[in-house]
Amino acid sequence: MTHLLEVENLEVRFALRFGDLTAIDDISFHLDKKEKLGIVGESGAGKSVTGFAIINLLSKPGYIAGGRIRFEGREISRLSAEALRQIRGNRISMIFQDPMMTLNPVLTIGTQMVETVLAHRRVGKAEARALALEKLRKVYIPSPEKRLDQYPHEMSGGMRQRIVIAIALLTDPALIIADEPTTALDVTIQAGIMELLTELCETEEMGLILITHDLAVVSQVTERIAVMYAGRIIETGYTADIVAHPRHPYTIGLINSLPGLRQAGSRLEQIPGMMPNLTAIPAGCAFHPRCFLATPECRAARPELVAVNGGRQWAACHRLELTAGRNLLHH
Ligand code: SF4
């Protein structure tokens with residue numbers, strides 16, 4: 001079966017003066033139409049680099065060093081710049097944390113939307129404006145005619161993010177990559193944006209990759225999760241399974257640090273230490289300096305992903321026997 005997106009053994013490196021650093025180390029995942037995948041981890045885990053690699057927007061000195069990225073059955077990691085432009089911002093759209101990264105502050109919303117349509121379709125200005133209005137309605141912007149004549153600064157953060165989503169929809173994308181799309185917004189606004197993205201996946205038959213540090217948001221929105229640590233996927237599977245029975249100590253730590261997800265009665269804890277810098281990724285299991293289960297084996301050998309929970313979940317840890325069946329959310 002051909003998936004909407006297939007990422008296979010992707011490797012991203014940064015070419016630096018003193019040598020190459022591996023930022024993404026052999027990760028694989030796939031996504032289908034209408035499906036929502038969460039890529040989760042702390043800052044520096046490699047989540048955003050993964051998103052940029054998919055649309056080949058890695059800024060120098062980053063480059064794809066290995067692996068394959070297939071989108072709608074076509075290998076896209078080695079396409080020419082022109083062929084990629086056709087896909088990027090056309091069939092694949094990216095939404096960022098700060099809407100002002102996408103919006104031009106000195107142009108009206110209408111001008112920006114019409115220009116986007118004209119760049120991608122052979123239509124006249126009136127038709128482009130009508131399409132802009134249609135997409136603004138789709139993201140529940142009140143008084144859309146009035147909004148077309150306004151500038152970004154005349155709107156709230158939540159409204160601006162809806163406009164960005166409407167712009168992303170102008171080209172009828174099959175895949176949206178949303179990088180921390182609600183992190184800069186109030187909690188009440190966040191829920192509305194996530195609901196909107198979920199609804200659009202269904203009605204527009206799009207796939208969604210939600211990149212975030214917030215496991216709570218991911219647990220509400222996505223069907224599957226990939227948890228990243230130091231450039232690798234260390235646990236992946238169905239969201240409901242992973243949230244209920246995390247098997248990797250890092251995922252357990254992430255859940256324990258969330259008031260909404262940890263089990264009643266358990267202590268709220270932070271994972272000790274910090275995500276390692278790319279220049280100093282520990283040998284063996286990269287998580288070992290922070291892990292409450294680490295042994296000498298963990299320091300010596302890197303664990304690979306293995307299937308657990310009847311193949312519904314995959315985790316990379318030497319001590320999975322200890323995280324099975326027992327509730328380490330209370331460790
Ligand atoms: Fe912890 Fe060892 Fe598992 Fe790594 S391999 S997560 S250090 S128990």
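Here, every reference points to the structure presented above.
Caption draft 1: Just the overall build of the chain, in detail. Helix and strand content of the chain: twelve helices and twelve strands. Taking 20 Å as the expected radius of gyration for a compact globule of 331 residues, we find that the chain reaches 21 Å, a close match to that expectation. Across its three principal axes, the chain shows a C-alpha extent of roughly 65 × 45 × 40 Å. Sorting the 331 residues of the chain into buried and exposed places 53% on the buried side. Considering only intrachain contacts with a sequence separation of at least 6, the fraction spanning at least 24 residues in the chain is 64%. When the accessible surface of the chain is totalled, it reaches about 15000 Å², and 52% of it is carbon and sulfur. Of the side-chain charges in the chain, 36 are positive and 36 negative, and the distance between the mean point of each set is 2 Å.

Caption draft 2: The pattern of salt bridges, seen in detail. By the definition in use, this model includes 21 salt bridges. Two residues, Arg224 and Glu35, come together in a salt bridge whose shortest N-O distance is 2.7 Å. Within this pair, whereas Arg224 is found in strand β9 (residues 224–229), its partner Glu35 is found in the loop between β2 (19–31) and β3 (36–40), the two being separated by 189 residues in sequence. Assigned by exposure class, Arg224 and Glu35 land together as buried. Between Lys138 and Glu204 there is a salt bridge; the shortest N-O distance is 3.3 Å. With Lys138 in helix α4 (residues 125–138) and Glu204 in the loop between α7 (187–203) and β8 (207–212), the pair connects residues that are 66 residues apart, well separated along the chain. One connected set of salt bridges, linked through shared partners, spans Arg121, Glu134, Lys135, Lys138, Asp172 and Glu204.

Caption draft 3: Representation of the sheet that holds strand β7 (residues 175–179) in the model. Read across the sheet, eight strands follow the order β6-β7-β8-β3-β9-β10-β12-β11 without closing on themselves; strand pairing throughout is mixed. Looking at strand neighbours, the two that pair on one side only are β6 (92–95) and β11 (306–308), the edges of this open sheet. Direction aside, the axes of adjacent strands within the sheet are offset by 20° on average. Relative to β9, β3 runs parallel, the two sharing four bridges. Residue pairing in the sheet places Leu37 in a bridge with Arg224 of β9. Here helix α1 (residues 47–54) sits on the sheet and contacts β3, β6, β7, β8 and β9; the angle it forms with β8, its principal contact strand, is near 145°. This element, helix α6 (residues 157–169), spans β6 and β7 of the sheet and lies at about 170° to β6.

Caption draft 4: Region of the structure containing α1. Most of α1 is tucked away: six of the eight residues are buried. Turning to α1, its buried residues are Lys47, Val49, Thr50, Gly51, Ala53 and Ile54. After α1 finishes, the residue Asn56 shows a positive phi value of roughly 50°.

Caption draft 5: Looking closely at the packing of α4 against α6. Direction vectors running N to C along α4 and α6 enclose 130°, while the axes themselves pass 9 Å from each other. Relative to α6, the element α4 lies oblique. The two elements α4 and α6 meet at a crossing, and its hand is right-handed. Residues Lys135, Leu136 and Lys138 of α4 touch α6, and the partners they reach there are Ile163, Ala166 and Leu169. For the contact of α4 with α6, the residue count by class is four nonpolar, no polar and two charged.

Caption draft 6: Layout of unusual backbone geometry. Going from Lys60 to Pro61, the amide bond is cis rather than trans, its omega being 10°. Mapped onto the elements, Pro61 comes out in the loop between α1 and β4 (62–71). The phi angle at Tyr140 is positive, at roughly 60°, despite the residue not being glycine. Tracing the sequence through the fold places Tyr140 in the loop between α4 and α5 (144–148). For Ser143, which is not glycine, the phi torsion reads 45° and is therefore positive.

Caption draft 7: Layout of the pairing of β4. Where strand β1 (residues 5–16) meets β4, eight bridges bridge the pair, whose relative direction is antiparallel. Looking at the pairing, Glu11 lines up with Gly66 of β4. Relative to strand β5 (residues 74–75), β4 is paired through two bridges, and the arrangement is antiparallel. Its bridge partner being in β5, Arg70 is matched across the sheet by Glu75. Connecting β4 to the antiparallel partner β5 that follows it, the hairpin turn spans two residues, and Glu72 within it adopts a positive phi of roughly 50°.

Calculation criteria
Residues numbered from 1 in each chain as written. Predicted model: local features only at pLDDT ≥ 70, side-chain atom pairs only at ≥ 80, totals over all residues. Heavy atoms only, no water. Helix = DSSP H or I, 4+ residues; strand = E, 2+ residues; numbered from the N terminus. Rg over C-alpha atoms; globule rule 2.2 N^0.38 Å. Buried < 20%, exposed > 50% of the residue type's maximum accessible area, 1.4 Å probe, protein only. Contact = heavy atoms within 4.5 Å. Areas by Shrake-Rupley, 256 points an atom, 1.4 Å probe, with all protein chains shown as cover. Lys, Arg positive; Asp, Glu negative; His and termini not counted. Charge placed at Lys NZ, Arg CZ, Asp CG, Glu CD. Salt bridge = Lys/Arg side-chain N within 4 Å of Asp/Glu carboxyl O. Pairing = 2+ DSSP bridges. Axes fitted to C-alpha atoms, helices over the stretch in contact; angles between N-to-C directions. Parallel < 35°, antiparallel > 145°, perpendicular 65-115°, else oblique. Left-handed = near helix turned anticlockwise from the far one by under 90°. Nonpolar A, V, L, I, M, F, W, Y, C, P; charged D, E, K, R; others polar.

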